Structures are given as C-alpha cells and as structure tokens.
Amino acid sequence: MVDEALSAGAVARRLGVAVTTLRTWHQRYGLGPSEHIPGHHRRYTPSDLARLEIMRRLTAEGVSPAEAARWARQAPDPSPNGTVAPVRTHPLGRDGGGSIPVGRAGPAARGLARAAMRLDAAVISETIAHALAAGGVVATWEGLLRPVLAGIGERHAATAGLIEVEHLVSRCVSEALAAASRAKVPTGPARILLSCADEEQHTLPLEALAAALAEAGVSYRMLGARVPVAALVEAVNRTGPAAVVLWSHTRATADPTQLTALLAAPRRPLLVLAAGPGWRADTLPAGVVRPVDLAEAVSLSAAVRDSLDQSRRD
C-alpha cells in the first residue's frame, strides 16, 4: 500500500485540479488522504483517489461540491484489493497544460473549461446537456458556452494552440444544440430564416439561436455557413420569411451590401437582424436591427413572427 499511495501534488496532477482544491475538499467535505506514516505527510490511497475522481467529475458537470462529496463518500472501494484503474494523467501539467479563462462565469463554466483541456468529450457533453435541461438554451449559451468558447479563442490568439480543444468542444456544443432543437420542434410555417454571411464559417451562435427559437416555439429555416448573397436573396424570395438573421463573426465577413440586398429583395422581410460581433453599428443600412445578445434575437424574431401571424388572421 505504501508504494501505491500518492502525495497531494501527484493526485492534483492526475485529476487536473489545484492542490488548494484538494485541501478544500479535505477540510470541508472530508475527502482527504487516509494513509498515515509516522514522520511523513499523509498520503492518498487508491480508494481516496477513486472518490476524488467522482468528486471531480460531478463538480465538472455542475453538481454542487457538497452534493458531489456526498456521492463520493458513499462510493464503495473500487475493488476487493483496494486498487483502481489508472486515472488519466496530464503530461503538460494542470488541465493539460494551462487553463481556459472564463471571466466571471460560474463553477459549471470552470468545470467545462477543465474538461475541455482534458479533451474529455463525455464530461463536456454531459455538462452541456445538464445545463440545457436545467436552465434552457439562452441561459446555457450566455452563462456556460459563450464564456468557454471565448476563453478558448483568447488562448488560441495568445498561443496559436488549442485547435484540437476548439474542434472537440465545437462538435459537442453543436450536437447538444441540435438535440435541443429536435426535442422541441415547433409547429406551423417557418417564419424566420437563419444564415451566415458570405464566407462566414462560425455557425455555433446561429445554432444556439436555432435551438432557442425551437425552445420558444418559433419555426425557422437554417441555411448554415458561407451563404453567398445571391443564394440568400433567392431563399428569401422563395420562402418569404418574416425575419432574416444574418450572422457575422468577423469584420472580414460583415459586408453591409449583403444587408442592402436583403432590404431590396422583392419579398423583403419585415425584419432584418445583423447578428454577431462582425457588424459595426455605424455601417448598417437604415432599417437593419443589431440585437445585443441571444435573448434579444429570440425576442425580436418571436415578435415579428407573432405580428405577421396576427395580421394574417385579421
């Protein structure tokens, strides 16, 4: 047993948490090292490590530390001889070689960021699914997903790394949002058309809007990434949407002439929304609205849909 016991530093590296976190879990929740050798610091046994792994996984999924500790303490020894399967190690150190900044976002975002650095797709997906079920699309996007995605972008800009992290997290987010959209399919005609600007490839915010609209009972059509302006105008003329949301993530794709073309379309929509940080307010044509966030985009889309439906009933 002595050979298998680990120091706090070794356990912290294996779990991808800070030593101070281990101390907190020990002092507040009783999840500390159980092996004591006279004249030495206490050591963590394999059973201690197994319980701490449960604690780490549950807190990463957004479970409160107190509740996670209760489950961890109730866990039986992993096997009759007290051994456990090796816990994933992180050769580059804590959180796989750095951390993703999430600003003032809460513990769920920090847990998601740690899971992202470990490339732990299971925990990433479980955390997102739990948040969507508990708080809905808008709250999950604003409080969990957007801070983590922005943090990944910030780290990439500073280091030119984390491409693999961005790809994995993006896939998990996209799958979760698609599942949320399928879970609440609105009835009635699609009044809202969602599209990325020409050459724009960042689709996740538009996917979040689609899921939020579905949650609100608003039908939509999604054209996706890199839609040429001629194709977008053709789609508008063929479907006659009440509102068009055109997403641009960067200044390079935010060409105002795309918005002008929508306003000049034969079947001009009642509302044109220029969504995303690419658009500059001082370049938008008259009549175009720039929503400040996801919630406002949903609210405006629902309002224009309701207005059109009411006018047709009248």
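Colleague: Run through the pattern of salt bridges, naming residues and quoting values.
Modeller: Under the definition given, this model contains eight salt bridges. In this structure, Asp-120 and Arg-118 form a salt bridge, with 4.0 Å as the shortest nitrogen-oxygen distance. Counted as one network, the salt bridges with shared partners bring together Glu-53, Arg-56, Arg-57, Arg-118 and Asp-120.

Colleague: Mind laying out the packing of helix α5 (residues 107–117) against helix α7 (residues 137–159), listing which residues take part and the relevant values?
Modeller: Two elements in contact, α5 and α7, have axes whose closest approach is 9 Å; the angle formed by their N-to-C orientations is 45 degrees. If you check the angle between α5 and α7, you find them oblique. Classified by chirality, the crossing of α7 by α5 is right-handed. Residue-level contacts link Ala-108, Ala-109, Leu-112, Ala-113 and Met-117 of α5 to Gly-143, Leu-144, Leu-145, Val-148 and Arg-155 of α7. The residue inventory of the contact of α5 with α7, partitioned by class, reads eight nonpolar, one polar and one charged.

Colleague: Tell me about the environment of Ala-264, residues and numbers included.
Modeller: By the element assignment, Ala-264 lies in the loop between α11 (256–263) and β4 (271–275). Classification of Ala-264 by relative accessible area gives exposed; the value is 61%.

Colleague: Which residues make up the nonpolar core, and what values do they have?
Modeller: Residues Ile-100, Ile-124, Ile-128, Ile-192, Leu-194, Leu-209 and Val-245 are the most contacted members of the largest nonpolar core, which totals 54 residues. In this view, Ile-100 contacts Ala-113, Ala-116, Met-117, Val-148, Gly-151, Ile-152, Arg-155, Leu-162 and Val-165; residues no more than four positions away in its chain are not counted. Grouped together as the second largest cluster of nonpolar side chains are 19 residues, Leu-193, Ala-235, Val-236 and Ala-265 included.

Colleague: So what's going on with the pairing of β4? Residues and values would help.
Modeller: Most of β4 is tucked away: five of the five residues are buried. Of the two faces of β4, both are covered, the one formed by Leu-271, Leu-273 and Ala-275 as well as the one formed by Val-272 and Ala-274. Sheet topology note: the strand β3 (residues 243–247)/β4 ladder contains five bridges and is parallel. Note on β4: the bridge partner recorded for Trp-247 is Ala-275. On the question of chirality, the crossover connecting β3 to the parallel β4 by way of α11 is right-handed. Pairing of β4 with strand β5 (residues 288–289), which is carried by two bridges, proceeds in the parallel orientation. Looking at the pairing, Leu-273 lines up with Val-289 of β5.

Colleague: Account for the sheet that holds β3, with residues named and values stated.
Modeller: If you walk across this open sheet you meet the five strands as β2-β1-β3-β4-β5, and the pairing is parallel. Strands with a single pairing partner mark the edges of an open sheet, and in this sheet they are β2 (220–224) and β5.

Colleague: I'd like to hear about helix α2 (residues 19–29), residue by residue, with values.
Modeller: Every buried residue of α2 is accounted for by Leu-22, Trp-25 and Tyr-29. Across the axial projection of α2, the buried residues extend over an arc of 80 degrees, all falling on one side. Of the exposed residues in α2, the ones pointing more than 90 degrees away from its buried face are Gln-27 and Arg-28. Lining the buried residues of α2 we find α1 (8–15), α3 (46–60) and α4 (65–74). Immediately beyond the C-terminal end of α2, within one or two residues, lies Gly-30, with a positive phi of roughly 75 degrees.

Colleague: Any details on unusual backbone geometry? Residues and values, ideally.
Modeller: At Leu-119, a residue that is not glycine, the phi angle is positive and equals roughly 55 degrees. Structurally, the position occupied by Leu-119 is in the loop between α5 and α6 (121–135). Positive phi is not limited to glycine here, since Arg-226 has a value of about 50 degrees. Mapped onto the elements, Arg-226 comes out in the loop between β2 and α10 (229–239).

Colleague: Let's hear about α5: which residues, and what values?
Modeller: Those residues of α5 not exposed but buried are Ala-109, Gly-111, Leu-112, Ala-113, Ala-115, Ala-116 and Met-117. Elements in contact with the buried residues of α5: α3, α6, α7 and α8 (163–183).

Colleague: A description of the pairing of β3 should follow, citing residues and the corresponding values.
Modeller: With respect to burial, β3 is a largely interior element, five of its five residues being buried. Residues of β3 alternate between two faces, with Ala-243, Val-245 and Trp-247 on one and Val-244 and Leu-246 on the opposite face, all of them buried.

Colleague: Would you mind going over the side chain of Thr-203 in detail, with residue names and values included?
Modeller: Within the fold, Thr-203 resides in the loop between β1 (192–196) and α9 (204–215). Polar contacts involving the side chain of Thr-203 include one to the side chain of Glu-207, which spans 2.6 Å. For Thr-203, the contacting residues outside a window of four places in its chain are Cys-196, Gly-224 and Ala-225.

Colleague: Give a description of the environment of Pro-101 that names residues and reports values.
Modeller: Relative to the elements of secondary structure, Pro-101 occurs in the loop between α4 and α5. Distance in space between the C-alpha atoms of Pro-101 and Ala-113 is 8.0 Å, their sequence separation being twelve residues. With near-sequence residues (within four places) excluded, Pro-101 lies in contact with Pro-147, Gly-151, Glu-154 and Arg-155.

Colleague: Give a description of the confidence of the model for the protein that names residues and reports values.
Modeller: Taken over all residues, the pLDDT of the protein has a mean of 86, while the share at 70 or more is 86%. Contacts from residues 79–97, a stretch scored under 50 in pLDDT, to residues over four places away or in other chains number 34 contacts.

The rules behind these values
- Residues numbered from 1 in each chain as written.
- Predicted model: local features only at pLDDT ≥ 70, side-chain atom pairs only at ≥ 80, totals over all residues.
- Heavy atoms only, no water.
- Salt bridge = Lys/Arg side-chain N within 4 Å of Asp/Glu carboxyl O.
- Axes fitted to C-alpha atoms, helices over the stretch in contact; angles between N-to-C directions.
- Helix = DSSP H or I, 4+ residues; strand = E, 2+ residues; numbered from the N terminus.
- Parallel < 35°, antiparallel > 145°, perpendicular 65-115°, else oblique.
- Left-handed = near helix turned anticlockwise from the far one by under 90°.
- Contact = heavy atoms within 4.5 Å.
- Nonpolar A, V, L, I, M, F, W, Y, C, P; charged D, E, K, R; others polar.
- Buried < 20%, exposed > 50% of the residue type's maximum accessible area, 1.4 Å probe, protein only.
- Core = buried A, V, L, I, M, F, W, Y, C linked by side-chain atoms within 4.5 Å.
- Pairing = 2+ DSSP bridges.
- Right-handed = clockwise from strand over helix to strand, strands pointing away.
- Arc of directions from axis to C-beta.
- Polar contact = N/O pair within 3.5 Å; in protein donor to acceptor, adjacent residues only side chain to side chain.
- pLDDT = per-residue confidence, 0-100.

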